[in-house]
Number of protein chains: 2
Amino acid sequence: MMLSRASKYAILSTLFLAEHSSETRKISVKEIANSIDVPSPFLAKLFQQLVRGKIISSTKGPNGGFYLTKRNRKKAVIDIIENIDGLEKINECFLGLNECDGSNPCPVHFIVEPFKNNIMGKFRDKTITEFAEEISSNGRVLTLKDLTTPKKQ
Amino acid sequence: MMLSRASKYAILSTLFLAEHSSETRKISVKEIANSIDVPSPFLAKLFQQLVRGKIISSTKGPNGGFYLTKRNRKKAVIDIIENIDGLEKINECFLGLNECDGSNPCPVHFIVEPFKNNIMGKFRDKTITEFAEEISSNGRVLTLKDLTTPKKQ
DNA sequence: ATATATTAAGACCTTTTTATCTTTTATACT
DNA sequence: AGTATAAAAGATAAAAAGGTCTTAATATAT
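Residues numbered from 1 in each chain as written. Chains lettered and ligands numbered in written order. Predicted model: local features only at pLDDT ≥ 70, side-chain atom pairs only at ≥ 80, totals over all residues. Heavy atoms only, no water.

Peer 1: Even after reading the chapter, I still don't get the side chain of Thr 14 of chain B, so can you show me in this structure?
Peer 2: All names here are of chain B. Counting through the fold element by element, Thr 14 comes out in helix α1 (residues 5-20). The exposure class of Thr 14 is buried, given its relative accessible area of 1%. A distance of 2.7 Å separates a polar side-chain atom of Thr 14 from the backbone oxygen of Ala 10. Apart from residues no more than four positions distant in its own chain, Thr 14 is found in contact with Leu 50, Ile 55, Ile 56, Leu 68, Ile 80 and Ile 128. (Helix = DSSP H or I, 4+ residues; strand = E, 2+ residues; numbered from the N terminus. Buried < 20%, exposed > 50% of the residue type's maximum accessible area, 1.4 Å probe, protein only. Polar contact = N/O pair within 3.5 Å; in protein donor to acceptor, adjacent residues only side chain to side chain. Contact = heavy atoms within 4.5 Å.)

Peer 1: What is the right way to read the nonpolar core from this model?
Peer 2: Side chains that are nonpolar tend, in soluble globular proteins, to be buried together. Counting 97 residues, the largest nonpolar core has Leu 43, Leu 95 and Phe 123 of chain A together with Leu 43, Leu 95 and Phe 123 of chain B as the members making the most contacts within it. Once residues within four sequence positions are removed from consideration, Phe 123 of chain A is found in contact with Ala 76, Val 77, Ile 78, Ile 81 and Phe 131 of chain A together with Phe 94 and Val 108 of chain B. (Core = buried A, V, L, I, M, F, W, Y, C linked by side-chain atoms within 4.5 Å.)

Peer 1: Sorry if this is basic, but what is going on with the interface of chain A and chain B here?
Peer 2: By convention, interface size is frequently given as the accessible area that disappears when the constituent parts associate. Counting residues at the interface gives 35 residues for chain A, matched by 35 residues for chain B. Of the roughly 3500 Å² buried between chain A and chain B on both sides combined, carbon and sulfur atoms contribute 70%. Interface area lost by chain A to chain B is led by Phe 94, Ile 111 and Phe 115 of chain A, which between them contribute 19%. Our count for the contact surface shared by chain A and chain B stands at two salt bridges. Between the two partners, chain A and chain B, sit two residue pairs in polar contact (both at pLDDT 80 or more). Take the side of chain A that touches chain B: its biggest share by element is eight residues, from helix α7 (residues 109-125) of chain A. Classifying every residue of the side of chain A that touches chain B gives 24 nonpolar, five polar and six charged. (Buried area = accessible area lost by both parts, 1.4 Å probe. Salt bridge = Lys/Arg side-chain N within 4 Å of Asp/Glu carboxyl O. Nonpolar A, V, L, I, M, F, W, Y, C, P; charged D, E, K, R; others polar.)

Peer 1: What should I look at first to understand the protein's contact with DNA strand C in this one?
Peer 2: Around DNA strand C, the surrounding shell holds 29 residues, and the nearest of these are Arg 5, Pro 39 and Pro 62 of chain A together with Lys 45 and Ser 58 of chain B. A share of 62% is what sugar and phosphate atoms reach among the atoms of DNA strand C within 4 Å of the protein. Within the backbone of Arg 5 of chain A, a nitrogen or oxygen atom sits 2.9 Å from a phosphate oxygen of DNA strand C. Among the elements of the structure, α1 (5-20) and α3 (40-52) of chain A together with α3 (40-52), β1 (57-59) and β2 (65-67) of chain B are those that each provide at least two residues to the surface near DNA strand C. The element contributing the most residues to the surface near DNA strand C is α3 of chain B, with four residues. (Near = heavy atom within 4 Å.)

Okay, here's the thing in structure tokens:
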């Protein structure tokens, strides 16, 4: 029940696109990767996959770049996670047991389960747009400048 | 906010020791590793570290093995996690931001935070003994047979 | 004392994840 | 058409996590 670095980058930069891009204002990988602290070739790879998964959109060439369409904006955070990590990973038992449910629970099942349901619900129900709006309506700026980069410290 | 495979193995087998071992009934790595599906050399390494961290105890030689003392039994699950993964990893922001708190929250901060506190509280407050008792009082057997082993499937 | 069972320690290997680099393809503008 | 710009694709590299093996140390029982 945790995200890979890749998924984190993907969620953050998709929210960034929601806030800053449009069909007439496309943003290049470098522009995102420079304004934040994510390695741009890695982000480029991720973006390719997100495009294939129809989470974000792209056009090549001059004035090209990445952006969100209206359809893209209706996707949920869970779709990003699914696209990058797959759902199995985030759904799996907290202690890694293969068979873990109410009738055959792991030692922490009843502690973890409500938590998981709740958070997954929100990741499923809120659209990218809603998330992005919530962020800006709270007066927060979505800079991703301070992503933890364990090695470089 | 997620555990390494190592931590999962450690939690499960410590609970196993709580249920099956005592100062006069020591259990070898192989006995645990065979009765469950965890690779024994890897578990052996983990156990060494848990012993150094005073989470579990060991004696060498014939009839030796691993077991829990009364002191060991008062440790909490969080101590196991801390010993193996460190607390930073489990405490870090869900989206990986370096600075993420109430006044400077990540996009999912207010969704994730309450649950994290709740779950961490339980991992901090319940002793190993309490966890183990809860398991057996519910008539459940703690076999770890079905740990997910992604590659081998 | 010696043999034996068992953990301890350290070196090593494999897989997965993260990151980079290079070449190709598509688009827009002139 | 030609050129510049940006993504797409694929090959490669580095780091981290997961796992194995060998040898040493230590406790027990005979």
